[in-house]
Amino acid sequence: MSTLYLCGAGNPEGVRLALRVNEATRRWSELVLLDDDAAKHGRAQLGVRVAGGFDRLGANRVGADAINLVARTCVGRGVAAERIARFGATLKGLVAPDVDLLGARVADDLIAYQNATIGPEVEIDEGCVVFMGAAVGHESRVGRNCVIAANAVLNARVILGDGVYIGSNAALLPEVTIGAGAVIGAGATVIDDVPAGATVVGAVGAVAQTAEDGHAGRSGTTDGVAEVERQLTSIWNEMLGVSALQPDRNFFDVGGTSLLALRMLQRVEQNFGVRATLLDFFEFPTIRSFSGWVTSKRNPSSRGDAGRVRLERRREALERLHGPVA
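As the structure is a prediction and not an experimental result, all values here were calculated from the model. (Residues numbered from 1 in each chain as written. Predicted model: local features only at pLDDT ≥ 70, side-chain atom pairs only at ≥ 80, totals over all residues. Heavy atoms only, no water.)

Peer 1: Explain the overall build of the chain to me, please; I cannot follow it from the model alone.
Peer 2: Per the secondary structure count, the chain includes seven helices and 24 strands. The buried share of the chain, reckoned over its 326 residues, is 48%. Long-range contacts, defined as pairs at least 24 residues apart, comprise 39% of the intrachain contacts of the chain with a sequence gap of at least 6. Roughly 15,000 Å² of accessible area belongs to the chain as shown, and the carbon and sulfur atoms make up 49% of that amount. (Helix = DSSP H or I, 4+ residues; strand = E, 2+ residues; numbered from the N terminus. Buried < 20%, exposed > 50% of the residue type's maximum accessible area, 1.4 Å probe, protein only. Contact = heavy atoms within 4.5 Å. Areas by Shrake-Rupley, 256 points an atom, 1.4 Å probe, with all protein chains shown as cover.)

Peer 1: Would you explain the packing of helix α4 (residues 258-272) against helix α6 (residues 287-298) in this entry?
Peer 2: Helix packing for two helices is described by the angle between their axes and how far apart those axes are. For the pair α4 and α6, interaxial distance at closest approach is 12 Å and the crossing angle is 40 degrees. When the axis of α4 is compared with that of α6, the two are oblique. Note on packing geometry: the crossing formed by α4 with α6 is right-handed. Of the residues in α6, those in contact with M264, L265, V268 and F272 of α4 are F290, V294 and R298. Of the residues contributing to the contact of α4 with α6, the split by class is six nonpolar, no polar and one charged. (Axes fitted to C-alpha atoms, helices over the stretch in contact; angles between N-to-C directions. Parallel < 35°, antiparallel > 145°, perpendicular 65-115°, else oblique. Left-handed = near helix turned anticlockwise from the far one by under 90°. Nonpolar A, V, L, I, M, F, W, Y, C, P; charged D, E, K, R; others polar.)

Peer 1: Hey, could you run me through the environment of R267 in this one?
Peer 2: Relative to the assigned elements, R267 resides in helix α4. Looking at R267, the relative accessible area reads 23%, which means it is partly exposed. Residues R267 and I235, spaced 32 residues apart in sequence, show a C-alpha to C-alpha distance of 7.8 Å. Not counting residues within four places of it along the chain, the set of residues in contact with R267 comprises I235, E238 and M239.

Peer 1: So what exactly am I meant to see when it comes to the sheet that holds strand β13 (residues 135-136) here?
Peer 2: Across a sheet, strands are paired by hydrogen bonds formed along the backbone, either parallel or antiparallel in direction. Strand order in the open sheet made by the five strands is β10-β13-β16-β19-β22, with parallel pairing throughout. Looking at which strands have only one partner, the edges of the open sheet turn out to be β10 (117-118) and β22 (189-190). Bridge analysis of strand β16 (residues 153-154) against strand β19 (residues 171-172) gives two bridges, and the strand direction is parallel. Paired with V153 across the bridge in β19 is A171. (Pairing = 2+ DSSP bridges.)

Peer 1: What's the story with helix α2 (residues 74-86) in this structure? I'm lost.
Peer 2: One turn of the α-helix equals 3.6 residues, which is why residues spaced by three or four share an orientation. Taking 1.5 Å per residue as the helical rise, α2 with its 13 residues ought to reach 18 Å, and the 19 Å between its terminal C-alpha atoms agrees with that figure. What α2 keeps buried is the set C74, R77, G78, A80, A81 and I84. The arc that holds every buried residue of α2, seen down its axis, measures 160 degrees, which confines them to one face. Exposed and facing more than 90 degrees away from the buried side of α2 are E82 and R86. Where α2 begins, the side chain of T73 points an oxygen toward the backbone nitrogen of G76, at a separation of 2.9 Å. (Expected span 1.5 Å × (residues − 1). Arc of directions from axis to C-beta. Polar contact = N/O pair within 3.5 Å; in protein donor to acceptor, adjacent residues only side chain to side chain.)

Peer 1: Quick question: what am I supposed to make of the pairing of strand β2 (residues 28-34) here?
Peer 2: On a regular strand, each side chain points to the face opposite its neighbour's, so the side chains alternate between the two faces of the sheet. Buried residues dominate β2, accounting for five of its seven residues. Inspection of the sheet shows strand β1 (residues 2-7) paired to β2 by six bridges, in the parallel sense. Directly across from L6, in β2, lies its bridge partner L33. Handedness of the crossover joining β1 and β2 through helix α1 (residues 12-25) is recorded here as right-handed. Where β2 lies against strand β4 (residues 48-52), two bridges are found, and the strand directions are parallel. By the bridge assignment, L34 is partnered in β4 with G52. (Right-handed = clockwise from strand over helix to strand, strands pointing away.)

In structure tokens, the structure reads:
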């Protein structure tokens, strides 16, 4: 018997899962929460106290069991795993008692919540999370540090690269391949392969938005876009507390949250007179792509071929799902 350290106090669902698994297995004599946010120290979730930061894994705890509960972003999850490993702790998994893993090959640190479905001949690499009610169809391949949110569905033979985030209630058709670092938005339906680093949103998410897609209207308006990029960079650096954010980094991969995004959109409306929704921002989540979107909204006549191509791609996606669209 040993102590289990739960790393990340922002996930009470994970704490409950650990308690349920321990009730069924009696693997650990004690559960302890750790979080690097000092404001959370001394608090408790479901009776499990936050005892301190990740550094508590260090002295005299080499070989301790630890669970990585960080799951807001794939990048953040990977960083947390590296930090845990530096302290010598052994990353463990948590699989709800009702999850059937027969015929699947999964890493030892898999976290799978109740009512998740993992099909036969599925392969899941290190650092992955499958949330409540999500399904991973047979013969699918899931790369490292992927997050599959609640009720998302990966149909048969889907391939996820490393660090892919699948949002709640998203659906991926059989045999699609999602490139490393891609984000599939909540409720999206994916019917085509998605390139690395792209973001897919919408009820029919076959349209994958890469950084280049946000450049609609740049032809003939380079100076305007450059100024928008400059101002957006200043706003993002201020809100995220960084000094030199690269224009192609995803807002949500560098510490951004939905609340910060809403505040940023208020600043955009104040600065540029353009009203954007959170859905717009999920579609163009980098400085470069969002600046192109803002510029195209400020100069409707300059949207040009990029806008028409995007509409055509959406039309093709609808036809593939539902037949010809009038």
